[in-house]
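# Residue-level structural notes
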Amino acid sequence: MYALRYARPDDLTTIQTIEQRAATRFIALGMPAAAELPVQPLDDLRVAGEARRLLVAVDRTDAPVGFALFEAVDDAVHLQELDVLPEHGGRGLGRQLVEAVAAWGVAEKLGTMTLTTFRDVPFNAPFYARAGFGILDEHELTPRLARIREEERSHGVDLAPRVAMCRRL
């Protein structure tokens, strides 16, 4: 039904559309500003795709319906973005993408997987907690995670309580 593969150049605009469409779920939660945050720039997606740091979940026709964007930072694989089209949600695609990124981290001999997310959004921190992530206290943040949190604040992402999370690989 679904498969995972690395993104190709012709997937990049579709990935931006997936990100936009997935963000509309925030509107129903009373967070319309979160739905208006800018999507990943095409150049960043292209670079990540070329570096094999951009996975897509595809349907039977090989059309992307979800994606995971990640990077290696210090001793961790950092999940920068994970989105699934709303009509394909609830089918385990997000979890498959998380596990594929974790497997990438293990293959790269990285010790942990990190991310930042909204604390109280059901498809954010609670989803990741079910996938084995724990919330880090501010004093537990690595210098890179602290910088990511500061970048989020400066770009207006702190629209609701956010947390950094970590999972051992």
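Described below are features of the structure shown in this document.

Strand pairs in the sheet, formed through backbone hydrogen bonds, run parallel or antiparallel to each other. The sheet built from 7 strands is open, its strands ordered β1-β2-β3-β4-β5-β7-β6 with mixed pairing. Two strands bound the open sheet, and with one partner strand each, they are β1 (3-6) and β6 (134-136). The average angle at which neighbouring strand axes cross in this sheet is 30 degrees, direction not considered. The pairing of strand β2 (residues 54-58) with strand β3 (residues 64-73) spans 5 bridges and is antiparallel. Bridging across to β3, Ala57 finds its partner in Gly66. Set on the sheet, helix α5 (residues 93-107) makes contact with β1, β2, β3, β4 (76-84), β5 (112-118) and β7 (162-168); between it and β4 the angle comes to about 160 degrees.

So, on to unusual backbone geometry. Here Asp74, not a glycine, exhibits a phi torsion of approximately 55 degrees, which is positive. Looking at the element boundaries, Asp74 is found in the loop between β3 and β4. With relative accessibility at 64%, the residue Asp74 sits in the exposed group. Its identity as a non-glycine residue notwithstanding, Lys109 has a phi of 65 degrees, on the positive side. Within the fold, Lys109 resides in the loop between α5 and β5.

The subject of this paragraph is the packing of aromatic side chains. Applying the stated rule across the entire model yields 5 aromatic pairs. Each ring, one from Tyr128 and one from Phe133, has its centre 5.7 Å from the other, and the planes form 80 degrees; the classification is edge-to-face. Owing to a relative accessible area of 7%, Tyr128 belongs among the buried residues under this scheme. For Phe133, a relative accessible area of 5% gives the class buried. Here the guanidinium or amino end of Arg162 rests over the ring plane of Phe118, the centre of that ring lying 4.6 Å away.

Turning to the pairing of β4, a few remarks are in order. Counting buried positions over the 9 residues of β4 gives 8, a clear majority of the element. Sheet topology note: the β3/β4 ladder contains 8 bridges and is antiparallel. By the bridge assignment for β4, Gly66 is matched with Val84. Linking two consecutive strands that pair antiparallel, namely β3 and β4, is a turn of 2 residues; a positive phi of about 55 degrees is found at Asp74 within it. Two elements, β4 and β5, share 4 bridges in a ladder whose sense is parallel. Note that in β5 the partner of Ala76 across the bridge is Thr112.

Before going further, it helps to examine the pattern of salt bridges. The tally for this structure, following the rule as stated, stands at 9 salt bridges. Residues Arg5 and Asp62 are paired through a salt bridge, measuring 2.9 Å at the closest nitrogen-oxygen approach. Here Arg5 is found in strand β1, whereas its partner Asp62 is found in the loop between β2 and β3, with 57 residues between them in sequence. As a salt-bridge pair, Asp62 and Arg8 come within 2.7 Å of each other at their nearest N and O atoms. Of the two residues, Asp62 sits in the loop between β2 and β3 while Arg8 sits in the loop between β1 and α1 (12-23), which places them 54 residues apart along the sequence. Classification of Asp62 by relative accessible area gives partly exposed; the value is 29%.

Conventions we followed
- Residues numbered from 1 in each chain as written.
- Predicted model: local features only at pLDDT ≥ 70, side-chain atom pairs only at ≥ 80, totals over all residues.
- Heavy atoms only, no water.
- Pairing = 2+ DSSP bridges.
- Helix = DSSP H or I, 4+ residues; strand = E, 2+ residues; numbered from the N terminus.
- Axes fitted to C-alpha atoms, helices over the stretch in contact; angles between N-to-C directions.
- Contact = heavy atoms within 4.5 Å.
- Buried < 20%, exposed > 50% of the residue type's maximum accessible area, 1.4 Å probe, protein only.
- Phe/Tyr/Trp six-rings, centres within 6.5 Å; stacked < 30°, edge-to-face > 60°.
- Lys NZ or Arg CZ within 6 Å of the ring centre and 35° of its normal.
- Salt bridge = Lys/Arg side-chain N within 4 Å of Asp/Glu carboxyl O.

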